[in-house]
Amino acid sequence: MSDFLPSPLTLAALVKIGLLVGGLMTAAAYLVLLERWIAAWVQDRRGPNRVGIPFTKISLFGLGQPLADGLKIILKEDFTPKHVDKILYNAAPLVILAASLAIFAAIPFGSVLPPLNIPGLPDPVPFLVAPGLDVGVLWVFALSSIAVYGVLLGGWASNNKYGFLGGLRSSAQLVAYEIPLGLGLLGVVLAAGSLKLDAIMNAQAESGVWYCMAQPLGFLVFFVASFAEAARLPFDLPEAEQELVGGYHTEYSGIRLLLFLVSEFLHMITAAFLIVIMFLGGWHFWGITGSSQQITWLEALLRFGILSAKILAVIVFFMLVRWSWPRFRFDQLMNLAWKVMLPLGLANLVTVAAVEEFRPQFTEALGATTAGWLAIAVPWVVFFVGWILAGILTPSGTDNRPIRAHDPLDIERGIREHDLAETELAGTR
Amino acid sequence: MAASRREVLSLRLFFVTDFVTNFTKSVSAADFHWKRSMEAILPVLLFVAIAAAVSVGLVFAAGLIGPNRASAVKEMPYESGMDPVHDTRRRFDVRFHLVAITFLVFDVELLFLYPWAVASRSPAGIDAAVSEGLVSCRGLVFAGALLFISLVVVGFAYDWRKGVFRWR
Amino acid sequence: MGNESMISLSGMVMAPVLAAGLPLAAINWHSVLFLLFASLASIFAVGVVLADNVVRMALYLVFSLAATAGLFFLAGAEFIGAMQLMIYVGGTLVLLVFGVMLTAQAPFVSIKPSAADRALAGLAGSSLLVVLLAAALSVDSWQRPGLSEVTAPTATPLGMALLGMRVDGPAAGAATGAVANGYLLPFEIVSIHLLVVLVGAAYLARAKRRRTPRPIDAAASAVSVVEGSTRVELPAALPPRSGSASALVSGGSK
């Protein structure tokens, strides 16, 4: 009889997957509403506030808006232009949405449940679809790099100049910022000694020191890089509306456009999850949640609530930044990735490695408390020194004026003479 | 010897036979390792399958519901309302290729560093190896990892000097 | 049997299996999934060979390599599987597609090989196949040798091995104070390889400067600044830009 049913483990996984997929889709829809509300608030106007229950006058602050939007976009024509590469054009949105959903197989969305005592189901049940996956962090990275591929293919298959440029820019950006992202992450992995995201949260809860305090430089690098990976302003060059219309999804309409937009929001949610889990302590909060794996129902709920609140706070911060900052130019974007974020990330990695390497010796010599404070102080010193050095080596303002050169092919000489003329001018003034 | 050799060949001339005999066999306790890896991987595969099904299902459903009226103008590439000019498949700047190359280098570097990062602090990691006498001290391992990082940093500095990252 | 409730419970993935009357637990899912991934990898590999369009080939290659990553996952080598996804699917293929697009003038996008090319490729491919088959058939046993004793591999022993400590090797058990052989040397050689690639990238960047100037650069260089000269050539169509050039222009025209 029980032979015909999937095992309790598989059933539990199916339930979790169902909750996650449903929850994420709903969250993406309602975050669009939240974003529009915040935009309206920032710009001092009214946001969407009309759509409520149909055929009545009840408007419910516009809470029906996401449903109406979704219904509208599903009823739109599912249109494939003549000039596109059909296979790639159709595959791109499917690949990108499937990849950005499946990322969550390795991302925990809470702590653990109290013992359920179901036969065949080992207790405690974690809030994680694949607790046995040993390389959770790498799974997240692998799938986000597949998302790059969806963008690139979508842009190329569209056979449209805006789409092509958008796809190219987008993939170059995503690829460039994956390195700082990985460097920020490597510091956390080093400190926690595990590639599992739930183990990383547990390590922070046990020590009570969140990694944003112990690795400020890594936090900065990771935070900026995840903005870029989520393609949020100031890094939204892939679809800079004023220059590229819709970027890589210019030629897409209807449901396929929806898939692209949903996966963009999922990327933002993923980024928020990762920031909170790796640097902001996950479900841990001092004095409210315990740190052990034996917990009560109240604690389980509290942990889930705290994790969700932190994630929401990070997402709201994402949205506020979007409506407060102008967009980078592409050369500034690349400068930031390669000349600022990459060296800072490397500095963070070496600092963290050294701190972790010598911590036992210092604990022996100075005692646990002093060594603990030292392990926090040293990275902060490196943080400020690194910040100042990066500012000196790579000034944020860059000259976009044309480079003058006698021989138009000799750009190097042009730069030299340009600088020379500048100094001479400054002298004659 | 020869007979057993032929037997071996006929047995696994092709995996299909192996597969058929395996197909209906239930997973026994002896297959502990495979069962363990299945337990770890099955939820992931299920998630991937469901994610793919959701995206395909959405497109399929919308294709059934929505209208379908093509027109000549609608099928033109969108170029801000103008008639399209030139071919889209143009060559572009080699710097994008450079970004991809440098990305790949650092991606590989990171992936080689992950195992070191994990082993560095985990209980069964380097500390255990030191106490078992596999390596004389932690410092040697740390130096090995630093050497790995610094070689790539040298390359990075060289590229910076040579203007690989200059975009203007 | 009362299958109805179970069918609704287990969803459409399991339904065909239930209809066939096979109990779920009696199936060796490992074999099923192995066959699935292996055939996906092969089908898309054939797709790569048969496709005419270069970018489409790249897409099929993505699927083929992703299915191979699935095989790694299935074998319990999760780290290698994730690595396969990250490096090949995420990295190398982006590089490949960039490379294809870099040269993607219309005649190169579609590849239509001649009959002679096909014959040559078929010969090379089938001889490789023969070698591979011979190697596969010469393996003594495909049965699993006592895998029940092997613990699931994690990233930790990999890292130990890379840094010169093989915890799984024969030397580990027999170690009498001797250091077990690891892969420290290959590990460091990898970083030298990466260094070489970075130097190669610098060479490409040098090549890139020999390019035709942007129109805006050309226009700027037309404003030739000659010390003490009052004659300034300026294209009529382009207004002087702010900065040193325009400052000189206004100074010279006085």
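Residues numbered from 1 in each chain as written. Chains lettered and ligands numbered in written order. Predicted model: local features only at pLDDT ≥ 70, side-chain atom pairs only at ≥ 80, totals over all residues.

### Let's talk about the overall build of chain A
- A count of helices and strands for chain A gives 14 helices and zero strands.
- Going from N to C terminus, chain A has its helices and strands arranged as α-α-α-α-α-α-α-α-α-α-α-α-α-α.
- Relative to the globule expectation of 22 Å for 429 residues, the C-alpha radius of gyration of chain A, 25 Å, shows essentially globular dimensions.
- If you line up chain A on its principal axes, its C-alpha atoms span 85 × 70 × 45 Å.
- Going through the 429 residues of chain A one by one, you find that 52% of them count as buried. (Helix = DSSP H or I, 4+ residues; strand = E, 2+ residues; numbered from the N terminus. Rg over C-alpha atoms; globule rule 2.2 N^0.38 Å. Buried ≥ 20, exposed ≤ 12 C-beta atoms within 10 Å, placed from the backbone.)

### A few points about the interface of chain B and chain A
- With 53 residues of chain B at the interface, the matching set in chain A holds 60 residues.
- Considering each element in turn, the side of chain B that touches chain A owes the most residues, 19 residues, to helix α3 (residues 32-65) of chain B.
- Among the residues forming the side of chain B that touches chain A, the class breakdown is 36 nonpolar, nine polar and eight charged. (Contact = placed C-beta atoms within 7 Å. Nonpolar A, V, L, I, M, F, W, Y, C, P; charged D, E, K, R; others polar.)

### So, the environment of F98 of chain C
- Position of F98 of chain C among the secondary structure elements: in helix α4 (residues 78-102).
- Judged by local crowding, F98 of chain C falls into the buried class, with 22 C-beta atoms found within 10 Å.

### A short note on the nonpolar core
Residue and element names in this part refer to chain A.
- Formed by 216 residues in total, the largest nonpolar core has its most connected members in V189 and A272.
- Top element by residues in this core is helix α5 (residues 161-192). It accounts for 19 residues.
- Other than its neighbours up to four places away in sequence, A272 contacts I311, V314, I315 and F318. (Core = buried A, V, L, I, M, F, W, Y, C linked by C-beta atoms within 7 Å.)

### Examining the packing of helix α8 (residues 216-229) of chain A against helix α12 (residues 330-366) of chain A
All names here are of chain A.
- Two elements in contact, α8 and α12, have axes whose closest approach is 8 Å; the angle formed by their N-to-C orientations is 145°. The element α8 and its partner α12 pack so that their crossing is left-handed. Residues L217, G218, V221, V224 and A225 of α8 lie in contact with α12, whose contacting residues are M341, L344, G345, A347, N348, T351 and V352.
- Along the lines of polarity and charge, the residues of the contact of α8 with α12 split into eight nonpolar, four polar and no charged. (Axes fitted to C-alpha atoms, helices over the stretch in contact; angles between N-to-C directions. Left-handed = near helix turned anticlockwise from the far one by under 90°.)

### With respect to the domain arrangement of chain A
- Each domain of chain A was delimited in the assignment, giving domain 1 (78-393) and domain 2 (402-429).
- Computed from C-alpha coordinates alone, the two centres of domain 1 of chain A and domain 2 of chain A are separated by 42 Å. (Domains from an automatic or database assignment.)

### Structural notes on the packing of α12 of chain A against helix α13 (residues 368-393) of chain A
All names here are of chain A.
- At a minimum axis separation of 9 Å, α12 and α13 run at an interaxial angle of 160°. As far as their axial angle goes, α13 and α12 are roughly antiparallel. The chirality of how α12 crosses α13 is right-handed. Across the interface between the two elements, V340, P343, L344, A347, T351, V352, V355, R359, F362, T363 and L366 from α12 touch A368, T370, A371, L374, A375, V378, P379, V382, G386 and A390 from α13.
- Of the residues belonging to the contact of α12 with α13, the class tally is 16 nonpolar, four polar and one charged. (Parallel < 35°, antiparallel > 145°, perpendicular 65-115°, else oblique.)

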